[in-house]
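# Summary of the model geometry
Below, each chain spelled out in residue letters.
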Amino acid sequence: MVRARQAMVSIVAALLGAAFFGGFAGAVHPLGDSLAVFRLPIAVAFALWVIWSPWTAWIRWSIAVLCLAAMAQIVAQKYVSHPDGPITIYQKNLLFQNDQVDALAADIRAMRPDIITLQELTSRNAALVRDLRAEYPYQASCALVEWARVAILSRWPVEGEICIEGDALVGVQVVAPQGTFWAFSLHLSWPWPFGQADHLERLLPVFQDLDGPVVIAGDFNMVPWSFALRSVERSIGATRAGPLFPTLVKKGAPLPIDHVYAPGGGQASPRPLLGSDHSGVLAKVFVFEP
């Protein structure tokens with residue numbers, strides 16, 4: 001009976017260990033990034049469970065320390081201070097059936113962003129972009145599917161536009177007072193077993209071929225410590241505006257999946273749901289070197 005219990009504890013510990021260490025293997029297989037989404041609860045469960053395993057003490061406590069380090073690395077991102085940048089981005093997954101566009105428009109006007117990035121723009125919430133046209137006359141959108149689009153709005157003039165239909169990416173070359181830069185609105189696919197890895201593989205070359213600074217904001221459907229989003233950072237030479245906070249609560253799990261990336265990072269803060277299931281993100285970012 002004792003041996004059976006010890007065997008069960010070891011099997012569960014091994015499974016938790018595979019999930020924990022697998023979450024760092026996104027570069028090997030996209031399953032790793034799917035596991036990375038749940039790194040914090042997996043690390044807690046693994047650390048607590050392994051302490052009661054029949055493994056030798058040095059293995060048990062070494063693993064517990066690794067788990068604590070992984071947890072601390074995530075939790076610390078909530079408390080790191082980030083300075084305000086001079087360019088303001090308002091990022092929002094609208095939710096296709098949003099019926100509070102008047103309240104959302106009022107919040108956007110109150111925040112006075114320079115660029116607005118939107119996802120899940122549909123016929124039901126399209127009144128928002130029409131309502132904001134006077135303040136944000138430079139607008140572009142691109143189809144994700146037949147009934148939903150991604151969009152980007154700018155108060156400053158634009159010189160060029162990029163639309164990757166079906167891949168939910170739209171960008172404009174913004175002529176700001178500080179200089180010219182590219183700004184993109186992106187809605188990434190869900191992670192493995194869905195097509196996020198293939199989606200990124202198609203899009204990353206688009207950013208690498210651009211001249212000038214690049215800002216990307218959107219619903220990435222992925223946490224910032226994943227291999228996928230580290231690839232985005234490397235591709236455009238950018239840093240995520242912080243600190244860390246959840247933007248979507250799914251089945252009780254708080255998920256930080258909406259982000260703004262800019263060359264110099266910046267400060268981000270959440271905005272209310274306002275008819276969506278995603279919080280907005282207001283980011284004040286650094287695009288140009290001082």
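## Here's the deal with a nonpolar patch on the surface
- A grouping of Leu40, Val75 and Tyr79 is seen on the molecular surface, where their side chains present a nonpolar patch of about 290 Å² in accessible area.
- Relative to the elements of secondary structure, Tyr79 occurs in the loop between helix 4 (57–75) and strand 1 (87–93).
- Owing to a relative accessible area of 63%, Tyr79 belongs among the exposed residues under this scheme.

## Section: the state of the cysteines
- Using the criterion set out here, one finds 1 disulfide in the structure.
- Paired through a disulfide, Cys142 and Cys163 show a sulfur-sulfur distance of 1.8 Å. Across the S-S bond of Cys142 and Cys163 the torsion is about 70°, and the bridge reads as right-handed. You can see Cys142 sitting in strand 3 (residues 138–145) and its partner Cys163 sitting in strand 5 (residues 158–164), a full 21 residues away along the chain.
- Its relative accessible area of 0% is what places Cys142 among the buried residues.
- For Cys163, a relative accessible area of 31% translates into the label partly exposed.

## A look at the environment of Val172
- Mapped onto the elements of the fold, Val172 is located in strand 6 (residues 169–176).
- A sequence separation of 10 residues divides Val172 from Trp182, and the C-alpha atoms of the two residues are 5.7 Å apart.
- In contact with Val172, other than residues within four places in its own chain, are Ala140, Ile152, Val158, Gly160, Glu161, Phe181, Trp182 and Ala183.

## Here's the deal with the pairing of strand 5
- Here 6 bridges tie strand 5 to strand 6, and the two strands are oriented antiparallel to one another. What sits directly across from Ile162, in strand 6, is Gly171.
- The antiparallel pairing of strand 5 with strand 6 creates a hairpin that spans 4 residues between the two strands, and Gly166 there sits at a positive phi of about 85°.

## Some thoughts on the side chain of Gln91
- Its location among the elements puts Gln91 in strand 1.
- Only 3.4 Å separates the side chain of Gln91 from the backbone nitrogen of Gly218, close enough to count as a polar contact.
- Within the structure, Gln91 has its side chain in polar contact with the side chain of Asp258 (distance 3.4 Å).
- Beyond its immediate stretch of four places on either side in the chain, Gln91 contacts Thr117, Gln119, Ala217, Gly218, Asp219, Asp258, His259, Val260, Gly280 and Val281.

## Thoughts on the sheet that holds strand 12 (residues 258–262)
- Ordered in space as 5-6-7-8-12-9, the 6 strands form an open sheet in which the pairing is mixed. Two strands bound the open sheet, and with one partner strand each, they are strand 5 and strand 9 (239–240).
- Alignment of strand 9 against strand 12, held across 2 bridges, turns out to be antiparallel. Within strand 12, the position partnered with Arg240 by the bridge is Tyr261.
- Running over the sheet, helix 8 (residues 227–236) touches strand 8 (214–219), strand 9 and strand 12 and is turned about 25° from strand 12.

## Some details on the environment of Gln100
- Relative to the assigned elements, Gln100 resides in the loop between strand 1 and helix 5 (101–111).
- A relative accessible area of 36% places Gln100 in the partly exposed class.
- C-alpha separation for the pair Gln100 and Pro41, spaced 59 residues apart in sequence, amounts to 34 Å.
- Aside from chain neighbours lying at most four places away, what touches Gln100 is Leu274 and Gly275.

## Regarding the pattern of salt bridges
- Enumeration over the complete set of coordinates arrives at 5 salt bridges.
- Note that Arg155 and Asp114 form a salt bridge whose closest N and O atoms lie 3.6 Å from each other. Pair noted here: Arg155 is in the loop between strand 4 (148–154) and strand 5 and Asp114 is in the loop between helix 5 and strand 2 (115–121), with a separation of 41 residues, a long-range link.
- Classification of Arg155 as partly exposed rests on a relative accessible area of 25%.
- The buried category is assigned to Asp114, whose relative accessible area is 10%.
- The closest approach of N and O atoms between Asp167 and Arg202, which form a salt bridge, is 2.7 Å. With Asp167 in the loop between strand 5 and strand 6 and Arg202 in helix 7 (residues 196–208), this pair connects stretches of sequence that are 35 residues apart.
- Using a relative accessible area of 45% as the deciding quantity, one classes Arg202 as partly exposed.
- When salt bridges with common partners are traced through the structure, they connect Arg109, Asp131 and Glu135 into a single cluster.

Cut-offs and rules
Residues numbered from 1 in each chain as written. Predicted model: local features only at pLDDT ≥ 70, side-chain atom pairs only at ≥ 80, totals over all residues. Heavy atoms only, no water. Patch = residues over 30% accessible without salt bridge, like charges linked within 9 Å, V, L, I, M, F, W, Y side chains within 5 Å. Areas by Shrake-Rupley, 256 points an atom, 1.4 Å probe, with all protein chains shown as cover. Salt bridge = Lys/Arg side-chain N within 4 Å of Asp/Glu carboxyl O. Helix = DSSP H or I, 4+ residues; strand = E, 2+ residues; numbered from the N terminus. Buried < 20%, exposed > 50% of the residue type's maximum accessible area, 1.4 Å probe, protein only. Disulfide = S-S within 2.5 Å. Contact = heavy atoms within 4.5 Å. Pairing = 2+ DSSP bridges. Polar contact = N/O pair within 3.5 Å; in protein donor to acceptor, adjacent residues only side chain to side chain. Axes fitted to C-alpha atoms, helices over the stretch in contact; angles between N-to-C directions.

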